[in-house]
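Here's the letter readout for the chains.
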Amino acid sequence: MAASGPGFNVRPGGGRTRQMIRGDGHMFSSSEDNAMMKQITATHAPDGREFDVRPLLYIIEDILRRSAPTTHGTVDGDEAQAEIQDDKALHAEDDMLELLAHTINKISCEISCKCSGGGDAHLTTVALFNQLSSYSWDAKVVLALAAFAVGYGEFWLVAQLYTTNPLAKSVAIFKQLPDILERTDTLKPKYEALANLIRAMLDVTKCIIEFKELPSQYIAPDTPEMVTATAHIPTAVYWTIRSIIACASQIMGLIGMGHEYTASTTEAWELSSLAHKVNNIHNHLMNQLIRCYQHIDEKRHIEAYQTLVRLFEVPHLDNMKILKALIYAKDDQQPLFDGFTKRRENIDMLRRKNVLLLISDLDLSHGELSVLEQMYSESRLHPTRAESQYEVVWLPVVDRSTRWNEEKQRLFETLQSTMPWHSVYHPSMIDLAVIRYIKEVWHFNKKPMLVVLDPQGRVVNLNAFHMMWIWGSLAFPFTSSREEGLWKEETWRIELLADSIEPMIFHWIADGKYICLYGGEDLEWIRNFTKAASTVAKAAGIQLEMLYVGKSSPREKVRKNCDAIMAEKLSHTLGDLTLIWFFWVRLESMWHSKTQHGKTVENDPIMQEIMMMLSFDGSEQGWAVISKGPAEMAKAKGDTILKGMIDFESWKDEVPSKGFVNALNDHLQERRTPHHCNRLILPGTTGSVPERVVCAECGRAMERFVMYRCCTD
């Protein structure tokens, strides 16, 4: 019986259907495949017309989803996805559909006619390719799928409505559908095989369309990844259309057969075999598509990186272009999170402000955060002062090669919630090209940085942490010239060394007291030294305040020392390990700052003192610095300073004329041995380590070693 419309029509018998299905299950040998594809490509004669097939695909998916080839009711039961597809289907381009409707119905009739008459599946597929010869490969497969969806949708529309709609009931009676639908359990394997094949056909079709939609400015047709994919697309289109014929034949086999129809396991196997083949084709195409996307991403990445480089090379009226390029180039979201209000914000609130970019990974130490937070909060207390006119923005740089999981999300949210300043709402908003720029141009390597942008977006300091640690917000606007100016105003004194780590220091200075800072990890030496120093202070008639500042990278041993010192009332301690860490990181920052300005032990007296302090910390001994006023300071390593205190009787007579500190200094100088060994541990990740370092004591060049150190407790 010939086709009388776009739907699938009744056939007089099922014998030829099963014969055709058996033919459909036959898989060609390699040589036959080659011959077959030559035959298919010979039909391909596109006339150059191009149209967007996406709107058609949305309608096709909507029809197939709403049809019911399984007992579960839909091909895809995801309700959220269903709503999206409904909306897209409603907005399909009417003009384009008008032009293609005739072609779709013509192909639907062809499918109905060929499947009704039985015959070879390959020849039927070739006949469809001849009808579709003037279309591109993606259009061929979509038009064939649309033609199948028309008949498939009509069949299931009648099947779904026959119990409630009189018209559908009458049509269903002629097609003898009630008998078929009442035998759902018997036909379940066939329905499921049909659904699986339809799903595979859709997957391949979507993949083919994605290839067509790849941006030509990033991947040319002669790109190896694209050449390989293009070579396989005709085969993918052939087997998809071949599968359409198989599915249509299965539906046609149901129509008019009523209770006489017997479901064959062979038929389900035929469909499953085709589904397996089409799925394999889809997997292969997806692998190629992934390679194409990787190629595109690399091209886009290079383009974005080069754009960023050029952006920093030219002047700007404000900082908006720079900040948008660094943080989030699109306007569809608010990329900032305000740590004070806990709300998202637009990047415009940073316009023409000095911006300090806090760059780190998720391994941001409590010490760094707490000290920076204190300084930031203090700057907010005086909103009219110049040094408070800056904003801090955290840029979390995470490793994109590892999966972002719940643990990382929790860690990120915990850090973000503790910051009173702004942060990027999520690390994914920082483009890979920006991460590359931060690493290659700004030399970020896990160690946190504080990059300063002026109101025009120019980089005025690649790492203001050193200035921030030394002078706090007084270092504003954190430029190199400001840094140089601050150093010109400085002399080596206890205020520079200790800053505000212990507020009592300023009271001690005002009261004219002697101040002793000491450190190290040897608790026995600490007991001996503090007792000896207290005894000498009483004998010399001076007021001496002692403060324990531990060791850089303070750990459990330093904490236990603090507890013991407090319990035994040996001296004052900083107590908080963060403050001890800050004492030493300030010294490291001073070294880095001076090094940046070309200062060395030979040409800068403050640099000499800094290096001496760092060498004290690098030794295994304790050490002490005793000071009074801006100029008087005596210092030595553990055994030397302790021996000096024990030998007080030998130099006490010099105190009245020279003063306590000068007399102690002269005594220590007399006892200094010509042979000594200093060890200096420089902060290697805070900047470039100089090739030549001179000993702060004897002036000789120190031997260079590489040291990797972890917890030594």
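Since the structure is predicted, the reported quantities are computational estimates derived from the model, not experimental observations.

Those residues of helix H25 (residues 638-646) lying buried are Gly 638, Ile 641, Leu 642, Gly 644 and Met 645. Seen along its axis, H25 keeps its buried residues to an arc of 155 degrees; they face one direction. Of the exposed residues in H25, those oriented more than 90 degrees away from the buried face are Asp 639 and Ile 646. Contact partners of the buried residues in H25: helix H21 (523-540), strand S11 (623-628), strand S12 (632-637), helix H26 (648-651) and helix H28 (660-671).

The next point concerns the nonpolar core. Formed by 98 residues in total, the largest nonpolar core has its most connected members in Leu 358, Trp 469, Phe 478, Trp 492, Tyr 518, Phe 529 and Phe 660. Ranked by the residues each element gives to this core, the list is headed by helix H23 (residues 577-596), at 9 residues. Among the nonpolar cores identified, the runner-up in size contains 80 residues, and Met 36, Leu 132, Tyr 152 and Val 237 belong to it.

Time to look at the confidence of the model for the protein. Across the protein, the average pLDDT comes to 82, with 81% of residues at or above 70. A low-confidence stretch, residues 70-80 stays under pLDDT 50, and its non-local contacts, those more than four residues away or across chains, total 17 contacts.

This part takes up the packing of helix H7 (residues 137-161) against helix H11 (residues 224-254). At their nearest, the axes of H7 and H11 sit 10 Å apart, and the two run at 10 degrees to each other. By the angle class used here, H7 and H11 are roughly parallel. Between H7 and H11 lies a crossing of left-handed hand. Every residue of H11 that contacts H7 at Trp 137, Lys 140, Val 141, Ala 144, Leu 145, Phe 148, Tyr 152, Phe 155 and Trp 156 is listed here: Ile 233, Pro 234, Val 237, Thr 240, Ile 241, Ile 244, Cys 247, Ala 248, Ile 251 and Leu 254.

Next up on the list: the pattern of salt bridges. Under the defined criterion, the tally for this structure stands at 29 salt bridges. As a salt-bridge pair, Arg 351 and Asp 348 come within 3.4 Å of each other at their nearest N and O atoms. The exposure class assigned to Asp 348 is partly exposed, which follows from its relative accessible area of 39%. Across the pair Lys 513 and Glu 545 runs a salt bridge whose closest N-O atoms are separated by 3.0 Å. With Lys 513 in the loop between helix H20 (504-510) and strand S8 (514-519) and Glu 545 in strand S9 (residues 544-548), this pair connects stretches of sequence that are 32 residues apart. Taken individually, Lys 513 and Glu 545 each receive the classification buried, so the pair is uniform in this respect.

What counts as what
- Residues numbered from 1 in each chain as written.
- Predicted model: local features only at pLDDT ≥ 70, side-chain atom pairs only at ≥ 80, totals over all residues.
- Heavy atoms only, no water.
- Buried < 20%, exposed > 50% of the residue type's maximum accessible area, 1.4 Å probe, protein only.
- Helix = DSSP H or I, 4+ residues; strand = E, 2+ residues; numbered from the N terminus.
- Arc of directions from axis to C-beta.
- Contact = heavy atoms within 4.5 Å.
- Core = buried A, V, L, I, M, F, W, Y, C linked by side-chain atoms within 4.5 Å.
- pLDDT = per-residue confidence, 0-100.
- Axes fitted to C-alpha atoms, helices over the stretch in contact; angles between N-to-C directions.
- Parallel < 35°, antiparallel > 145°, perpendicular 65-115°, else oblique.
- Left-handed = near helix turned anticlockwise from the far one by under 90°.
- Salt bridge = Lys/Arg side-chain N within 4 Å of Asp/Glu carboxyl O.

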